[in-house]
Structures are given as C-alpha cells and as structure tokens.
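# Observations on the three-dimensional arrangement
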Amino acid sequence: MRIPIETFRLDNGLFVTLSEDHTAPIVAVNLWYHVGSANEREGRTGFAHLFEHMLFQGSAHVGSNEHFELIQRAGGTLNGSTWLERTNYFETVPSNELALALWLEADRMGELLPAMTQEKLDTQRDVVKNERRWAVDNQPYGTMLEKLQELVFPPTHPFQHSLIGSMEDLSAASLDDIAQFFATYYTPDNAVLSIAGDFDSADARALIRDYFGPISKGKGKPPLSPMSLPAVFGAPLREVVYDNVSLPRLFMAFRSPIFGSDQYYAASVTSALLGMRKGSRLHRVLVRERQIAADAGAFTLDLAKGSDLLVVDVMARPETPVAQLEEEVEREIDELHRDGVSEEEVRRAKALIETDLIASLQSAGERADRLSMFATYFGRPELINEQVDRYRSVAAKDVNTLVEERFGANNRASLVYVPREGIESEDMLAAAVGAR
Amino acid sequence: MVATLRPKSGAPRSYRFPAFVDERLPSGIRVVTAQVSKLPVVTLLVLVDAGSTNDPHGKEGVAALAAALLLEGTAWLSGAEISEKFEQLGTSVESGADWDSAFVKLTALSDRLEDAAVLLGRILREPAFPEREVERLKAERLAEILQLETEPRGLADEKFSEFLYSDDSRYSRPDEGSADSVASISRSDVEGFFKANYRANSTTVVLVGDISTAAAGNLVAKAFHNWPSGAAESQRLIATPRTNRKRVHIVDKRDAPQSELRVGHVGLPRKIPDFFPTLVMNAVLGGLFGSRINLNLREAHGYTYGASSYYDWRRGAGPFVVSTAVQSDVTAPALREILLEIERIRTTKISIEELSLARDYLDGVFPIRYETTGAIASALATLVIYALPADYYDTYRTNIRAVTVDRVLEAASAHLHPDQLQTVVVGDARVIRDSVASLDLGELRIHDQ
C-alpha cells in the first residue's frame, strides 16, 4: 500500500508535497514551519505558541478571526498546533475550496505584520494564559510535560523549558517580538506545504506559484544551542511533585534514539510492547495480575533532534502506596533489562502498530500532516510509504540491543505525582520520603 | 506581494454518503454493511440495546460493567488470552456502554478481519464474568470516581447532571455509576443484566470497509450465529427536571485558578421534528469557533481558552448546556455574558450572515465527517440507535439548507428557557461567591466538594 507523492521547491525555498486521492471531494492543506518552543530565547518561554494564536488574528487582506470564518463558511475544519520542534497549521476543505485555503495561508505567510495590533496581542495573551490555567494549572498531572522537560534536559538545552510558557514570560511578550519572530522563522524557506486529497496537480502547482511565489525568502535563522546528548542520563534522576491529584502516578522516562533513526523503530516497538493496549506487559502485569495500578501505558515523544524520550506512565490504585508503585515499575523495567523480550511480544506490538499506521492514512488531514512532518525533519516525504517496512524489519534482537543500552539503572528519570492531601497521613508521608 | 483578491469557489463535486445494506439474520440480529474500499481496513461495531438507561435502580453502572466484562473471559479463554489473541491479529477490541446502547468495536486490516470477527462472535456469545475480573473492574471504576474529585471538568459535568435531573431519572447519576452503586454490584447482577439484555433482536452488527456487502453479510452470519433470540424489555425513559426554578450551585474548590462553568437545562430527545433548526440555532449560539458565545467570551474578552454550547443528544431528553472555564476573577462577568447570549438568540432574529455561516458549515463539512471506516460505522450506529429513516444522510444537507432565520428563532424561543437555567460553578467560593450572588441566577447553594 503506497500513497502517490510529488514534490517540488519554489525559488523562494518553499518545499511542496502533493498527494492525490479522488475517493471523496475533500482536500487537506497543511503547513509546517520548522520552529517550535526550542527556538525561543531566554525570557520568552511560550512565545512560539502565543505566536500560533496570533496567526489567526488576521493578515493584510484577512480580518481578525476571518481565517476561521472563511474556512468554516466553506465547510472546512482547521486548527494549528505548537510543539518543541515545529508549528503546524492545517485545514481540510471541500475540494472546490482549495484555492481559498492556499490563499489564506499565503496571505499570513507573506503579510502578517500589517494586521498586528497591541489590542489583539493583549487579548490573545489572556486567551493563552487561560489555556495554561485550563490545560496545565487546573488539570491533574497537567504539569507533566514541563516538569519532565526540566528534569531530563540540561539547563541550556533547547528542549528544557516549558512549551506553553510561564505567566511572567507571556506578560513580557511585545509587538516587536512578534515582528522579529515572524521575520526570522515564518519564511517560505523554513516551511513545508503539503496538499492531500482531491485536487488536480497542475491546478495546485499554478495556485501555489501564484500565491506563495511572490513571498520573499528569509535571511536564515540562528542556530539552536547544541542539542546532542549522551545516550543515557548517567545516573537515576527523580523528582516528587506533591499536587492536587487523587492518585499517585509515576512517569518514568528514558533517553531514547531520535525519531526517524534506525534505532528509533526498535524504541517505538519497545514502547508498544510495554504499554500499548491491554495485552502490553505493564498493563498485563500491573493492572491485571498484580492489580496495583489503575492504568498503565507508554509512549515516545518523537523528538527528531538531540535525544528522544520514551515515557512509561503508570497510575496507582488508591490503596497502592507510592513506594510500592515505584518499586513494582522498577522491577518490571529491571526484568526487561535483564531478560529481554520474546518474539511473540514483538510480533504483537508490530501488528498493532501496522494497523494504526494504515488506518491513520484514511484521513486526508493525517496524510498531509505526515507528509509535512517527514519533509520538515528529513527532507523526504516519501518516508510515509516506508514506515510499515521499517517497523516490519524490527527483530526481537534489535529490541534487545536497545533495551540493553537504554533501560539500565543509569538511564531512568522518575517524575512522581503524590496527592497533596494524602501526604498528611503518616504512612503516605513515610512512603513518599522513604522511596529512595 | 501576495494576491490581494480572495479566490472564488470552484464548482463543487457531488458526494454521497456510502450506500449500505440493512438486513436481518434468521436469529434476529440486524446487520448493516457498507463497502468503502479506499484502504485495506474494516471496522466492526456491535451494538446492543443494553445501555446505561437499562441499569436497575441502585445498580447504576451495571450496563457499563457488563459491557467491559464481555472481553474479560469465557469458559475457554481468560481475559489476558482474549487481549493477546486480538492483538496478535493487530487489532484491539473496545467495549463499553453509553446511555442508549452497549457497544463492542474493532478496526482490523482486511486480511485479518475474518479471524477477528469469528473470535469476537464466539467470545460475546458466552462471557463467563469471572469473579476476579468483576472485582478488578469495579475497583478501577472506584479509582476513576476518586480521580474526579481533583478533575474540575469531569466534576462540573457530573454535578451539573445531578442538579439538573430529578432523582428518579437515570440521567441524574453518572452513566458508569457512583461509588455506592458500583460497590453494591455483584457478579450475579452482571450476569443477570447480560442474560436479560443481550438478545439477538436487540443486537445490530455494523461492518464498514474494504469488503463487499455480500461477503460482510455472510461473515456476520457465520460469526454471530446461534445467539439467544428475543428482545430485551424496553425501559421507560424519565428525563424530568429536578426543579423548574433557576438555581446556581457553587462547588467549592479552594485556590482554583479557574472556574469551570456549566449553564443549561434539560434539553431535547434526539428524535424531534425541528431537529435541524435546533442544530443550526445551537451552531450560531455556541456550536462553532465563530459562534456568539465563543467570540464573545474568548475573542472579545479573553476570559477563556474556549466556550461552547451543545445538546447532548440521547433517546430521552439529554442536557442543553453552555460549557467553559474562565479565570476566577471574571466568573460573574462571564456568566452575565452567557445569560445575555441565551436571551438574545431567543428574542431577536439572527442575521442572514450568521445563518449562512452555520448552514454553509454544516452542509459543507458533511463529507469531511465520513473519511474513516470508524466514522461511517458510528454514523450508521446513530441511524440504528435513534431509529432514523434510511435516507437520513442522503437528505441531511437538503434539510440543513432549508433552515431559515424564522425557523431558528422559533426553535430558540421554544427550546431555550432562561427561567429554568441551572448554573454550576466549580471554583473557589471565597473569591467568586459575592459577585455570583449578585447575578440574577436564582437561589445560590454552596457545596463542599
């Protein structure tokens, strides 16, 4: 099963991938800008994400919030998202509205600044602060990502600081910052445009040339601070967070091979084998057999530079003391490290991943997003068609090599959430303090 | 310089919701199949008329528990073996119950579908409900209930339902049960519920994907033969409000940085004559990014990350609710804006621009909703659960386009009741109490969380 792919590059550096599929009159437009929270300077944490909000506040020929209105009026869906390494913007529209979606994206890539005002910035700053309150501060375990980043990356590393940012830094962001960030990062040569679905390639090429062709190339972006890191932490890391949560929860992170590398696929299979669905090791042992956990899972962050993270996530049952939660998870990881994995477990993990990979390509938006991702990180959108084979080629011995290297005691970082209320009872306190 | 002129729409290409075959097996099981051959993927969805509204009084949560336990063991396979067998086939089965039905579903690659379907049919015919698994799933549900105490969104939803419906309405209690009701459920309650409700004539199998409808029909006949015939007794749906007077409830959460707000009243059952005008009305009020409530609270005031309104459609009258989270110090002003928007849409006509935004969106987005086999299977399930006509999806867009400004006003004035609004605020009572009390929201009650 392969999806068709064409690529070309405009003179201004914009890289374009096209993938036709005429089964339904739907087309997805997807833009990745190769900028994320990693590119933020000191004192401006959260800026990449705040900037994403500003991109919906209008541009030279589009009014405030009109981007949303025009796409919804056309019967389309849209959004944007910010991650450590990239920011993406996407819309799926009826195929006769392709020109509209492309024009809107081009207008804000070419001429955002004329529409920026202090008032819009102030409002979106408030919206983002409320997003932080909603998703991070007033949500159990909502601080997980920023606490983990802080725990596992060294202080000057681009992945070390919070993606949503601090309230203080959000308050400090100015219109000058907007102009500077836009000029540096929102340039055609720092972006990938993908179109997937029902369109004619020649028509799409003409529209892209007309709309995006006149936009000037950027002047280059400052290099990121050095990102490469040793394969392991070197010593166990641990942080305890006493928080307004009901159940103890352990996130145990391991440095793992970067997204897209040969070893990444073995890491991804390891993560599925440990925590994907009910037949996974952690679910079977901790939730079903030993019944000390209410839930268990594992995932990779899929970072393409420096070092990726594989994270094991286990939520305790109410009666499980924190110390026991940590001990039992450690024991499972020790056992994995000592004894390795079976062929059968690897087969199960690969079968589940393969179904998910293929099923996910049903949606035009997903296809376009993955094309943009592979083009942005590796300059090779055709990697989308190689994923099934990459996973199929992972053997138990590859997983065992990875596990041997990365799951030892020198590569574990534990972030432990402990209910603040429970701390008052003595045994919980003893458990939390005496865990190490 | 980017082109300054906005492009015009091209000529639209036609779209039809996938054709489907709807038939009944000799055993009484209904089978709905649709061939969608874009990718080698199939979704199988089993629906049983055994939702949470069938829970006996005092045993709330048994429908959800029974559905989850279907996959936790038979006489010949343990729960762990069941997971393992499906996952080796590259699929995992999900099961559960919502208000109106129990469901079991899986998505598999086409070449593994037959094995998965036959296995599923055998497992569902004779679940053993092992005692150990019953007790484990009960304990996991109790852990979830405990989690809710520190999870403001879920807590607000649950308290809202509790304050909205009368005690004798099943909707006043959580669909998966409360701590007391779950603790009281025994293995024999689960088995009794299963025997009474899981009958051939109460069951529909939906199969959508890369398989011909003929092959799909044969596969279902093979995998699901031999089910006990007969149908479950139908349950009386009670959806009466707890009170006809407006009231405001503060659920106290010390030091909360935001207030979770729910404002609404008992809404409407899914099958009503003016469904389409009501849908468009809600889209204008709070159903879209560009709706009045979101533009007001988020884009004009910056009070929130997002605000919306919706009807929770069920067979009986589910809630109509405006839902948002705002920073604590603007709780009262945000509530005032919500009340104004509800009042405004029921007393004055919406503009033609607002009508066309909602109508064009609902009409245009229609094909985008059915890109995946999972989404198409859910859409077919909706037809079955609410007994909608077979041409429902073929006439959907015409029905949306027929809605006028006048019909929207009629729907709003008939179905929105400002004098009956129940308001729930999960937030810091010390900070918000006085300002909330000064609003015209009815009697104020404060609850310890």
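Residues numbered from 1 in each chain as written. Chains lettered and ligands numbered in written order. Predicted model: local features only at pLDDT ≥ 70, side-chain atom pairs only at ≥ 80, totals over all residues.

## A look at the overall build of chain B
Within chain B one finds 16 helices and 12 strands. For chain B, the C-alpha radius of gyration of 24 Å lies close to 22 Å, the compact-globule estimate for 449 residues. Considered along the principal axes of its C-alpha atoms, chain B spans approximately 65 × 60 × 45 Å. With 449 residues in all, chain B has 53% of them scored as buried. (Helix = DSSP H or I, 4+ residues; strand = E, 2+ residues; numbered from the N terminus. Rg over C-alpha atoms; globule rule 2.2 N^0.38 Å. Buried ≥ 20, exposed ≤ 12 C-beta atoms within 10 Å, placed from the backbone.)

## Digging into the domain arrangement of chain A
Reports often express the size of an interface as the amount of accessible area lost when the parts come together. All names here are of chain A. Domain boundaries in chain A define domain 1 (6–212) and domain 2 (237–434). The centre of domain 1, based on its C-alpha atoms, is set 29 Å off from the matching centre of domain 2. Listed as interface residues are 31 residues of domain 1 and, on the opposing side, 27 residues of domain 2. Secondary-structure elements contributing two or more residues to the side of domain 1 that touches domain 2 are β2 (15–20), β3 (26–33), β5 (87–94), α5 (144–152) and β6 (191–197). (Domains from an automatic or database assignment. Contact = placed C-beta atoms within 7 Å.)

## What to know about the interface of chain B and chain A
Each partner contributes to the interface: chain B provides 63 residues, whereas chain A provides 67 residues. Looking at the side of chain B that touches chain A, the elements that each hand over two or more residues are α2 (79–88), β5 (102–109), α4 (131–148), α10 (292–300), β9 (304–311), β10 (319–327) and α12 (352–364) of chain B. In terms of residue class, the side of chain B that touches chain A is built from 29 nonpolar, 20 polar and 14 charged. (Nonpolar A, V, L, I, M, F, W, Y, C, P; charged D, E, K, R; others polar.)

## Quick word on the environment of Ala-387 of chain B
Position of Ala-387 of chain B relative to the elements: it lies in the loop between α13 (373–385) and α14 (392–401). Residues Ala-387 of chain B and Arg-270 of chain B, spaced 117 residues apart in sequence, show a C-alpha to C-alpha distance of 10.0 Å.

## Remarks on the domain arrangement of chain B
Residues and elements named next belong to chain B. Looking at the assigned domains, one finds that chain B contains domain 1 (20–223) and domain 2 (247–448). Every contact between the two is made by 31 residues of domain 1 and, on the other side, 25 residues of domain 2. The set of elements that each furnish at least two residues to the side of domain 1 that touches domain 2 consists of β1 (20–24), β2 (30–35), β3 (41–48), α5 (152–164) and β6 (203–209). In terms of residue count, α5 provides more of the side of domain 1 that touches domain 2 than any other element does, 10 residues in total. Tallied by class, residues from the side of domain 1 that touches domain 2 come to 19 nonpolar, 7 polar and 5 charged.

## Regarding the sheet that holds β5 of chain A
Residues and elements named next belong to chain A. Here 6 strands make up an open sheet; going across it, the order is β1-β2-β6-β3-β5-β4 and the pairing mixed. Each edge of the sheet is formed by a strand with only one pairing partner; in this case those strands are β1 (6–9) and β4 (77–82). Direction aside, the axes of adjacent strands within the sheet are offset by 15° on average. Relative to β5, β3 runs antiparallel, the two sharing 8 bridges. Opposite Val-29, over in β5, you have Glu-91 as the bridge partner. Packed on one face of the sheet, helix α8 (residues 201–212) meets β1, β2 and β6 and runs near 155° to β2. (Pairing = 2+ DSSP bridges. Axes fitted to C-alpha atoms, helices over the stretch in contact; angles between N-to-C directions.)

## Some points on the environment of Pro-130 of chain B
Residue and element names in this part refer to chain B. Along the chain, Pro-130 turns up in the loop between α3 (110–125) and α4. With 239 residues separating them in the primary sequence, Pro-130 and Arg-369 have C-alpha atoms 39 Å apart. Among residues more than four places away in sequence, those in contact with Pro-130 are Glu-72 and Gly-73.

## Some words on the pairing of strand β8 (residues 249–256) of chain A
Residues and elements named next belong to chain A. Most of β8 sits inside the fold, with 8 of its 8 residues counted as buried. Neither face of β8 is left uncovered, since the one carrying Arg-249, Phe-251, Ala-253 and Arg-255 and the one carrying Leu-250, Met-252, Phe-254 and Ser-256 both have all their residues buried. Summarising the sheet, β8 and strand β10 (residues 308–316) pair through 8 bridges and their orientation is antiparallel. Directly across from Phe-254, in β10, lies its bridge partner Leu-310. Sheet analysis places β8 next to strand β11 (residues 413–419), joined by 5 bridges and oriented antiparallel. Bridge pairing in β11 links Arg-249 to Tyr-417.

## Focus on the sheet that holds strand β8 (residues 258–266) of chain B
Residues and elements named next belong to chain B. What the 6 strands build is an open sheet, ordered β9-β10-β8-β11-β7-β12; its pairing is mixed. The open sheet has two free edges, formed respectively by β9 and β12 (443–448), since each of these has just one partner strand. Here the strands of the sheet are splayed against their neighbours by 15° on average, with no regard to which way each runs. Strand direction decides the pairing type here: β9 and β10, joined by 6 bridges, are antiparallel. Residue pairing in the sheet places Ala-307 in a bridge with Thr-324 of β10. Contacts from α5 reach β7 (247–252), β8, β10 and β11 (422–427) within the one sheet, and its direction differs from that of β11 by about 150°. The strands touched by helix α16 (residues 429–437) are β7, β8, β11 and β12; relative to β7, the strand with the most contacts, the crossing angle is about 170°.

## Topic: helix α8 (residues 213–223) of chain B
Residue and element names in this part refer to chain B. Every buried residue belonging to α8 is among Ala-216, Leu-219, Val-220 and Ala-223, and all of these are buried. All buried residues of α8 fall inside an arc of 100° around its axis, so they share one side. Of the exposed residues in α8, the ones pointing more than 90 degrees away from its buried face are Ala-214 and Lys-222. The inward-facing, buried residues of α8 contact β2, α3 and β6. (Arc of directions from axis to C-beta.)

## Description of the pairing of β6 of chain B
All names here are of chain B. Burial runs high along β6: 7 of the 7 residues are buried. Alternating positions in β6 separate into two faces, Thr-203, Val-205, Leu-207 and Gly-209 on one and Thr-204, Val-206 and Val-208 on the other, with burial throughout. For β2 and β6, the ladder comprises 6 bridges, and the chain directions are parallel. Within the sheet, the bridge partner assigned to Val-31 lies in β6 and is Val-205. Where β3 lies against β6, 7 bridges are found, and the strand directions are antiparallel. What sits directly across from Leu-44, in β6, is Leu-207.

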